[in-house]
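Results of the structural survey
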Amino acid sequence: MIASLPEEVALRTETDIVVVRRAVREAAIGLGFGITDVTRIITAASELARNVFLYAGSGVVRCRVLNRSDQVGLELIVEDHGPGIADINQAMQPGYTTGNGLGLGLPGAKRLMDEMEIESEAGKGTKITVKKWRKGT
Amino acid sequence: MTEETLSIIKVRDILVVTMPADPDDATISALQQKVLLAMERSTAKGVVLDVSGVESLDSFFARTIAETTRMVGLMGGRTILTGMRPSVSITITQLGLTLGKTRTALNVDRAFDILQDGSRQVQKP
């Protein structure tokens, strides 16, 4: 019933951001998310994937199906071995950026998804996990 | 890798730019240059940027659209963004994106009405 998910998508170049969006789109549609949630998930994935490309250079995106009681969800794990986020609270402030972006990526992705968890260590890398639960049955 | 191309056609004195469903960053960046070059070559008075086929619009795409609008404005043209899907509209609002001063219309037809009304007003003494 649930479409098979790609194990992981490697992020090495700008064009891989499109590959991530397509993989995530397939996964979200396969899990039966509505069109607006599919768009939210794709957009959040795009922001997180672009951050990896901009700040770490390369990384990986993994999709996982979540099950809890009677709910189905999609989890995305975006991981890199880049410089890490020095101050996560600051990075979550809309408009804050250390690059030349809009500073909307992280706080925006959090608003679009249901849950977000950031693990980051300076010099070691960043792992961001986001989850979206399918509404209704 | 499928090459998603961008189409630009001139209808009367307006450039109609149709964005592909899921353009990569290079295609989005190319948009800016192609539109500005087409403006110069065709002496168009405005640009209609149709995003009705676009499935998702992230911060990079939105920023490029806002910048393109400003650049077309500097050249003396107006840009109208048309056909944004409801799901995209909801998503970019929650993401916190704005499109700068980009004007919008429900569809290409409405955009033509706006651009043509504008020129009529300009012609009136």
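Here, the structure is the one placed above.
First things first, this report covers the structure right here in the doc. Everything quoted here is computed from the prediction, not taken from an experiment.

**Quick look at the overall build of chain B**
- Counting its secondary structure elements, chain B contains 4 helices and 5 strands.
- Reading the secondary structure of chain B in the N-to-C direction produces β-β-α-β-α-β-α-β-α.
- Principal-axis analysis of the C-alpha atoms gives chain B an extent of 50 × 30 × 25 Å.
- Residues classed as buried in chain B amount to 50% of the 125 residues present.
- Restricting to contacts in chain B with at least 6 residues of sequence separation, those with at least 24 account for 72%.
- Accessible surface, chain B: about 6,400 Å² in total, of which carbon and sulfur atoms supply 52%.
- Here chain B contributes 14 positive and 14 negative side-chain charges, whose respective centroids are spaced 11 Å apart.

**Considerations on the interface of chain B and chain A**
- Each partner contributes residues to the interface: chain B has 22 residues there, and chain A has 24 residues.
- A combined buried area of about 2,100 Å² lies between chain B and chain A, and 50% of that area is made up of carbon and sulfur atoms.
- Our enumeration of links across chain B and chain A arrives at 6 salt bridges.
- Between Asp22 of chain B and Arg21 of chain A there is a salt bridge, and its shortest N-O distance comes to 2.7 Å.

**Examining helix α4 (residues 105-112) of chain A**
- Burial analysis of α4 of chain A places 6 of its 8 residues in the buried class, the great majority of the element.
- Within α4 of chain A the residues assigned to the buried category are Gly105, Leu106, Pro107, Gly108, Ala109 and Leu112 of chain A.
- Buried residues in α4 of chain A make contact with α2 (35-56), α3 (88-91), β4 (115-121) and β5 (125-133) of chain A together with α3 (86-95) of chain B.

**Here we look at unusual backbone geometry**
Residues and elements named next belong to chain B.
- The backbone of Arg12 sits at a positive phi, close to 55 degrees, despite the residue not being glycine.
- As for its placement among the helices and strands, Arg12 is situated in the loop between β1 (7-11) and β2 (14-18).
- Taking the relative accessible area as the measure of exposure, Arg12 reaches 68% and is therefore exposed.
- Its identity is not glycine, yet Thr43 carries a phi of approximately 50 degrees, on the positive side.
- Mapped onto the elements of the fold, Thr43 is located in the loop between α1 (25-42) and β3 (46-50).

**Structural notes on the packing of α2 of chain A against α3 of chain B**
- It is at 9 Å that the axes of α2 of chain A and α3 of chain B come closest, and there the two elements cross at 45 degrees. One finds that α2 of chain A runs oblique with respect to α3 of chain B. Every pair of crossing elements has a handedness; the one defined by α2 of chain A and α3 of chain B is right-handed. Between α2 of chain A and α3 of chain B, the residues in contact are Ile35, Thr36, Thr39, Arg40, Thr43 and Glu47 of chain A and Ser87, Val88, Ile90, Thr91, Gln94 and Leu95 of chain B, respectively.
- Classifying every residue of the contact of α2 of chain A with α3 of chain B by side-chain character gives 4 nonpolar, 6 polar and 2 charged.

**Observations regarding the layout of surface pockets**
- As a volume, the largest pocket reaches approximately 720 Å³.
- Asn51, Tyr55, Thr97, Thr98 and Leu106 of chain A are, among the 36 residues lining the largest pocket, the residues nearest its centre.
- Mapped by element, the contributors of at least two residues to the lining of the largest pocket are α2, β3 (71-80), α3, α4 and β5 of chain A together with α2 (59-74) of chain B.
- Looking at the lining of the largest pocket, the element that brings in the most residues is α2 of chain A, giving 9 residues.
- Residues of the lining of the largest pocket, tallied by class, amount to 18 nonpolar, 11 polar and 7 charged.

Rules of the game
- Residues numbered from 1 in each chain as written.
- Chains lettered and ligands numbered in written order.
- Predicted model: local features only at pLDDT ≥ 70, side-chain atom pairs only at ≥ 80, totals over all residues.
- Heavy atoms only, no water.
- Helix = DSSP H or I, 4+ residues; strand = E, 2+ residues; numbered from the N terminus.
- Buried < 20%, exposed > 50% of the residue type's maximum accessible area, 1.4 Å probe, protein only.
- Contact = heavy atoms within 4.5 Å.
- Areas by Shrake-Rupley, 256 points an atom, 1.4 Å probe, with all protein chains shown as cover.
- Lys, Arg positive; Asp, Glu negative; His and termini not counted.
- Charge placed at Lys NZ, Arg CZ, Asp CG, Glu CD.
- Buried area = accessible area lost by both parts, 1.4 Å probe.
- Salt bridge = Lys/Arg side-chain N within 4 Å of Asp/Glu carboxyl O.
- Axes fitted to C-alpha atoms, helices over the stretch in contact; angles between N-to-C directions.
- Parallel < 35°, antiparallel > 145°, perpendicular 65-115°, else oblique.
- Left-handed = near helix turned anticlockwise from the far one by under 90°.
- Nonpolar A, V, L, I, M, F, W, Y, C, P; charged D, E, K, R; others polar.
- 1 Å grid on protein atoms, 1.4 Å probe; cavity = no way out; pocket = protein on both sides within 12 Å on 5 of 7 lines; lining within 4 Å.
- Points joined across faces, edges and corners; volume = space filled by probe spheres on them.

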